[in-house]
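The chain contents come next:
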Number of protein chains: 2
Amino acid sequence: MGRPRQPLLSRDRIVDAALALVDAEGLDVLSTRRLASELGVSGPALYNHFATKDEIVDAVVDTVLGEVDIAVFARVSADAARDAADDRSQDAAEATSWDEALRVWARSYRAVLGAHPNLVPALAPGPARRPNALRMADAVFGSLVRSGWPRAQATRVGVLMRYFVTGSALGSFAGGFPDDAALYAGEYPHLGQAHLLADAQREINENAFEAGLEALLHGLADRYARVRVG
Amino acid sequence: MGRPRQPLLSRDRIVDAALALVDAEGLDVLSTRRLASELGVSGPALYNHFATKDEIVDAVVDTVLGEVDIAVFARVSADAARDAADDRSQDAAEATSWDEALRVWARSYRAVLGAHPNLVPALAPGPARRPNALRMADAVFGSLVRSGWPRAQATRVGVLMRYFVTGSALGSFAGGFPDDAALYAGEYPHLGQAHLLADAQREINENAFEAGLEALLHGLADRYARVRVG
DNA sequence: ACCTGAACACCGTTCAAGT
DNA sequence: ACCTGAACACCGTTCAAGT
């Protein structure tokens, strides 16, 4: 008891343990007491490092968001922007068009969330007070503006892309259709057998994500052609 | 004590009270005990009507999903489908193109979720065992197939549209950027002042949703032109 | 069948006490 | 400053008992 010579905990150690616990057993089992015991410490000890449990969850989410590839946006130059419509013209390996950058980022974003499916419901509070979420928004926005998107439009594009990716994470990883054929028998005439198997479900989600991503990027490219500046 | 002559509870009464409670005070205060007390009943009484609290939440979500306008899909006929590309040609008021139907539905879907923002985090489990969620998926899918979308593609379109709408609900209603200018000062160079005010935030979300919806529908119309059958 | 109160095994958080 | 144990006001759920 009493204060240890060397601190037993740190914010990082707490966040790492929390993420490991959520990945292994789900968001439901993440309690301050369980987490503390996982760290070999007493429940209230956590409150020396975080004010509330919600702050811990927020930090976990932000850590995970930090894994998303946003380096790609640094490779979007004003030069690359001019070639956005035909991406064969990238002479240097570093040059990337805004839409290709969005594609790479969106896939990375989705992959990261897919690596931590149990955490997805915790995304709900939005990018609020999470540094990496803001860093991400900033990188997206900056590259779009450099590419010639008007600022107001660039804001919208960043937000709507996030809608799609987080929505796909929510819809894909946390359930989907139940693996229970009996439930469907004759009930929903248009819902085919393909919906029933979890494996097929994985593929549907993958295909839906890719199809949506391409539709979105095509639609945005059309708009870009009409509104670009610079 | 003991069994009342007339049942005090019903699934509907429980669901209604739960939704009212969530709308008024948030998802966090929805506990079986609090809900029971709201209904003038003892906590365990709920278990005569629902097996778990999660089932109650699921029923609440499904009830809300039932408010989404899917009647529009009934107005999508095979005839309307042939005019999808030019929507001025709807002679009868009942005929609607698949893309216009998706637009109406997406807006309704988002509006319904917007009317119950506190419930949005509970959407995470996906369309699992929720009749109205399945009814919705079925209506979307059916209208797309009638319009000439190949079945595999129609499945994807339904799913990806749901991604976008639920993602927008998640991102819009549950937080967004904090209303705290100090947090941003000099930290994120590209994030302008426009991000800071909650009011502007509402507008950004609205605009992002509309822009994303149009981009998506345009991109899908392009694809439709290439893959349609019938 | 449908409610009650008591009970079990939990929660998040506060706080005085220890070093 | 950073931990502990005790305590407070809660949880979801089970179950015997009542009618």
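Residues numbered from 1 in each chain as written. Chains lettered and ligands numbered in written order. Predicted model: local features only at pLDDT ≥ 70, side-chain atom pairs only at ≥ 80, totals over all residues. Heavy atoms only, no water.

Asker: Lay out the protein's contact with DNA strand C in plain terms, naming residues and giving numbers.
Answerer: Not every one of the 24 residues close to DNA strand C is listed here, only the nearest: R3(A), T32(A), R33(A), Y47(A) and R3(B). Taking all atoms of DNA strand C within 4 Å of the protein, the share assigned to sugar and phosphate is 50%. Contacts to DNA strand C include L9(B), whose backbone N or O atom sits 2.9 Å from a phosphate oxygen. Between DNA strand C and H49(B), the relevant distance is 2.7 Å, taken from a phosphate oxygen to a side-chain nitrogen or oxygen of the residue. Residues belonging to the surface near DNA strand C are distributed by class as follows: eleven nonpolar, eight polar and five charged. (Near = heavy atom within 4 Å. Polar contact = N/O pair within 3.5 Å; in protein donor to acceptor, adjacent residues only side chain to side chain. Nonpolar A, V, L, I, M, F, W, Y, C, P; charged D, E, K, R; others polar.)

Asker: Please give an account of the environment of F73(A) that cites residues and values.
Answerer: Residues and elements named next belong to chain A. Residue position: F73 is located in the loop between α3 (53-65) and α4 (78-82). For F73 and L144, which are 71 residues apart along the polypeptide, the C-alpha to C-alpha distance reads 8.8 Å. In this view, F73 contacts A101, L102, W105, A139, V140, S143 and R146; residues no more than four positions away in its chain are not counted. (Helix = DSSP H or I, 4+ residues; strand = E, 2+ residues; numbered from the N terminus. Contact = heavy atoms within 4.5 Å.)

Asker: Outline the UniProt feature "domain: HTH tetR-type" (unreviewed entry) in chain A, supporting the account with residue identities and numerical values.
Answerer: The UniProt record marks residues 8-68 of chain A with the feature "domain: HTH tetR-type" (unreviewed entry), using the residue numbering of this structure. Helix makes up 57% of residues 8-68 of chain A and strand 0%. Its end C-alpha atoms lie 30 Å apart. (UniProt positions renumbered as here; feature names shortened; annotations may be inferred.)

Asker: Requested: an account of the packing of aromatic side chains, with residues and values cited.
Answerer: Residue and element names in this part refer to chain A. Under the criterion given, the structure shown has 14 aromatic pairs over all chains. Here F164 and F209 contribute two aromatic rings whose centre-to-centre distance is 5.6 Å and whose plane-to-plane angle is 15°, an arrangement assigned as stacked. Of this pair, F164 sits in helix α7 (residues 151-173) while F209 sits in helix α9 (residues 198-227), and the two are 45 residues apart along the sequence. F164 sits in the buried class, given a relative accessible area of 0%. Residue class for F209 comes out buried when judged on its relative accessible area of 1%. By way of ring pairs, the aromatic residues F73, W105 and Y109 are connected into one cluster. (Phe/Tyr/Trp six-rings, centres within 6.5 Å; stacked < 30°, edge-to-face > 60°. Buried < 20%, exposed > 50% of the residue type's maximum accessible area, 1.4 Å probe, protein only.)

Asker: Outline the confidence of the model for chain A, listing residues and values.
Answerer: The pLDDT averaged across chain A works out to 87; a share of 81% of its residues lies at or above 70. Low pLDDT, under 50, characterises residues 84-91 of chain A; the stretch is placed with nine contacts to residues that sit more than four places away or in other chains. (pLDDT = per-residue confidence, 0-100.)

Asker: Which residues make up the UniProt feature "DNA-binding region" (unreviewed entry) in chain A, and what are the values?
Answerer: Using the residue numbers shown here, the UniProt feature "DNA-binding region" (unreviewed entry) corresponds to residues 31-50 of chain A. In this annotation, residues 31-50 of chain A is assigned 35% helix and 0% strand; the end-to-end C-alpha distance for the span is 14 Å.

Asker: A description of the packing of α9(A) against helix α7 (residues 151-173) of chain B should follow, citing residues and the corresponding values.
Answerer: Interaxial distance between α9(A) and α7(B) falls to 8 Å at its minimum, and their mutual angle equals 70°. If you check the angle between α9(A) and α7(B), you find them roughly perpendicular. Touching I204(A), N205(A), N207(A), A208(A), F209(A), A211(A) and G212(A) of α9(A) are T155(B), R156(B), V159(B), L160(B) and Y163(B), all from α7(B). Taken together, the residues that form the contact of α9(A) with α7(B) break down as seven nonpolar, four polar and one charged. (Axes fitted to C-alpha atoms, helices over the stretch in contact; angles between N-to-C directions. Parallel < 35°, antiparallel > 145°, perpendicular 65-115°, else oblique.)

Asker: Just give me the short version of the protein's contact with DNA strand D, but keep the residues and values in it.
Answerer: In the neighbourhood of DNA strand D, 24 residues make up the surrounding shell, with R3(A), R3(B), T32(B), R33(B) and Y47(B) lying closest. Sugar and phosphate atoms form 48% of the subset of DNA strand D atoms that lie within 4 Å of the protein. The contact in question runs from a base nitrogen of DNA strand D to an N or O atom on the side chain of R33(A), over 3.4 Å. Residues belonging to the surface near DNA strand D are distributed by class as follows: eleven nonpolar, eight polar and five charged.

Asker: So what about the environment of R130(B)? Which residues, and what values?
Answerer: All names here are of chain B. Mapped onto the elements of the fold, R130 is located in the loop between α5 (98-115) and α6 (131-146). Expressed as a C-alpha distance, the spacing of R130 and A78, which sit 52 residues apart in the sequence, is 29 Å. Setting aside residues no more than four positions away along its own chain, R130 makes contact with D58, V61, D62, A122, L123 and P125.

Asker: Talk me through α7(B); I want residue IDs and the actual numbers.
Answerer: The end-to-end C-alpha distance of α7(B) is 33 Å, a good match for the 33 Å that 23 residues give at a rise of 1.5 Å each. Buried residues dominate α7(B), accounting for 19 of its 23 residues. (Expected span 1.5 Å × (residues − 1).)

Asker: Please provide a residue-by-residue account of the domain arrangement of chain A, values included.
Answerer: All names here are of chain A. Structurally, chain A comprises domain 1 (1-65) and domain 2 (70-229). At the interface, 14 residues of domain 1 touch 13 residues of domain 2. At the boundary of domain 1 with domain 2, total buried surface from both sides reaches about 1,300 Å², with 67% on carbon and sulfur atoms. Taken together, the links from domain 1 to domain 2 amount to one salt bridge. Taken together, the links from domain 1 to domain 2 amount to six residue pairs in polar contact (both at pLDDT 80 or more). Counting residues per element, the ones that place at least two in the side of domain 1 that touches domain 2 are α1 (11-25) and α3. Residue contributions to the side of domain 1 that touches domain 2 peak at eight residues, all from α3. (Domains from an automatic or database assignment. Buried area = accessible area lost by both parts, 1.4 Å probe. Salt bridge = Lys/Arg side-chain N within 4 Å of Asp/Glu carboxyl O.)

Asker: Give a description of the packing of α5(B) against helix α9 (residues 198-227) of chain B that names residues and reports values.
Answerer: Residues and elements named next belong to chain B. Where α5 meets α9, the closest approach of the two axes is 11 Å, and the angle between their N-to-C directions is 155°. Taken together, the axes of α5 and α9 lie roughly antiparallel to each other. The chirality of how α5 crosses α9 is right-handed. For the pair α5 and α9, contact is made by W98, D99, L102, R103, A106, R107 and R110 and by N205, E206, F209, E210, L213, E214, L217, L220, A221 and Y224, respectively. Across the contact of α5 with α9, the residue classes tally to nine nonpolar, one polar and seven charged. (Left-handed = near helix turned anticlockwise from the far one by under 90°.)

Asker: So what about the nonpolar core? Which residues, and what values?
Answerer: One finds L102(A), W105(A), M161(A), L102(B), W105(B) and M161(B) to be the most contacted residues of the largest nonpolar core, which totals 133 residues. Ignoring any residue separated from it by four or fewer positions in sequence, one finds W105(B) in contact with V68(B), D69(B), I70(B), V72(B), F73(B), M136(B), V140(B), G158(B), M161(B) and R162(B). (Core = buried A, V, L, I, M, F, W, Y, C linked by side-chain atoms within 4.5 Å.)

Asker: Could you give an account of the pattern of salt bridges, naming the residues involved and the relevant values?
Answerer: Residue and element names in this part refer to chain A. The final tally for this structure, using the stated rule, is 16 salt bridges over all chains. Notably, a salt bridge pairs E206 with R110, separated by 3.1 Å at the nearest N-O pair. Of this pair, E206 sits in helix α9 while R110 sits in helix α5 (residues 98-115), and the two are 96 residues apart along the sequence. The class for E206 is partly exposed, based on a relative accessible area of 37%. Residue R110 is classed as buried on the basis of its relative accessible area of 9%. Here the residues in one salt-bridge network are E100, R103, R107, E210 and E214, joined through shared partners.

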